[in-house]
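# Per-entry structural report
Chain residues, written in single-letter form:
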Amino acid sequence: MNELLITLPDNYDKIVERLLRADWLIHNFRAKEPNGLYNPANYLYNVEFHNAEYRALLDLNVLQYAVNCVKKDAMRDLYRDACAVLVFCRAAEIQIEPALSIYERINYNAENLEEALDELALLRSLDNADVEQLARYALGDKQALRDIEPAEIDRKTLGAKLTEYRRLTHWDSIYLLVLAAVSTYWNNKVQPQRKLERYLDWVVREFRISLPCIVYAVRLFGHNPLSNMMKFR
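Let us look at the structure shown here. (Residues numbered from 1 in each chain as written. Predicted model: local features only at pLDDT ≥ 70, side-chain atom pairs only at ≥ 80, totals over all residues. Heavy atoms only, no water.)

Glancing now at the environment of R124. Along the polypeptide, R124 turns up in helix α6 (residues 113–127). For R124, a relative accessible area of 37% translates into the label partly exposed. Contact partners of R124, with chain neighbours within four places excluded, come to A151, I153 and L158. (Helix = DSSP H or I, 4+ residues; strand = E, 2+ residues; numbered from the N terminus. Buried < 20%, exposed > 50% of the residue type's maximum accessible area, 1.4 Å probe, protein only. Contact = heavy atoms within 4.5 Å.)

Below you can see the structure in the form of structure tokens.
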């Protein structure tokens, strides 16, 4: 039987408590014990004996909360939760991949590039910081990360790559289709049972057909819409 010995940061059980409360991780990891999802041994075992690799794709919100651990003087629970995520990833040797969040930050606008690169440099420093420092901040030590400085990055090369592409051709029209669905949802002049009909009539007559947006509208106007189908009301 294969055995693996690992060393965890002090008070790692309290880190797990924060992660469980935040419940940010979207995953397909099958853990047998209740807290197994945040047990680094489960990941390290697969890395060591089964050649597995794990990556965490950061959401833009999590990226911002993480860098705010250094940028902001005030300490918020969201920043501490993000720092707890960093501790978990370091302990489990999960590679943090910020590309999606950096692209979202830039949003195809070169004016946002410098700020995105600043945040990337800070994230890289945090990802390479002493894990005990990260753990202390996550557990409430406001001063733990005060000596963190942005990492050196090749801003010119990264900037050229991050601004190389334009937005997908159909993105804006999909956005408009979703806005039209939401507008119809909040239109009190249309009876609830007629809202899907009204929306489909607009799609066909005034704009264009999109199967994904029709599926979205069917669920939105149905008897049991999913929660949080509209991020902003």
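Having seen the model, we can carry on.
With their axes 8 Å apart at the nearest point, helix α3 (residues 60–71) and helix α5 (residues 99–106) run at an angle of 90° to one another. The orientation of α3 relative to α5 falls into the category roughly perpendicular. Contacts between α3 and α5 involve L60, L63 and Q64 from the former and S101, I102, E104 and R105 from the latter. Taken together, the residues of the contact of α3 with α5 sort by class into three nonpolar, two polar and two charged. (Axes fitted to C-alpha atoms, helices over the stretch in contact; angles between N-to-C directions. Parallel < 35°, antiparallel > 145°, perpendicular 65-115°, else oblique. Nonpolar A, V, L, I, M, F, W, Y, C, P; charged D, E, K, R; others polar.)

What follows is about helix α7 (residues 131–138). Taken together, the buried positions of α7 are Q133, L134, A135, Y137 and A138. Residues of α7 that are buried in the fold lie against α1 (12–22), α3, α4 (77–92) and α6. Capping the start of α7 is the job of one residue whose side-chain oxygen sits 3.0 Å from the backbone nitrogen of E132: D130. (Polar contact = N/O pair within 3.5 Å; in protein donor to acceptor, adjacent residues only side chain to side chain.)

One pass over the full model with this rule turns up 13 aromatic pairs. With a centroid separation of 4.3 Å and an interplanar angle of 25°, the aromatic rings of F29 and Y43 are classed as stacked. Of this pair, F29 sits in the loop between α1 and α2 (40–50) while Y43 sits in helix α2, placing them 14 residues apart in sequence. Exposure class is identical for F29 and Y43. Each is buried. (Phe/Tyr/Trp six-rings, centres within 6.5 Å; stacked < 30°, edge-to-face > 60°.)

Purely geometric stuff here, so don't read any function into it on its own.
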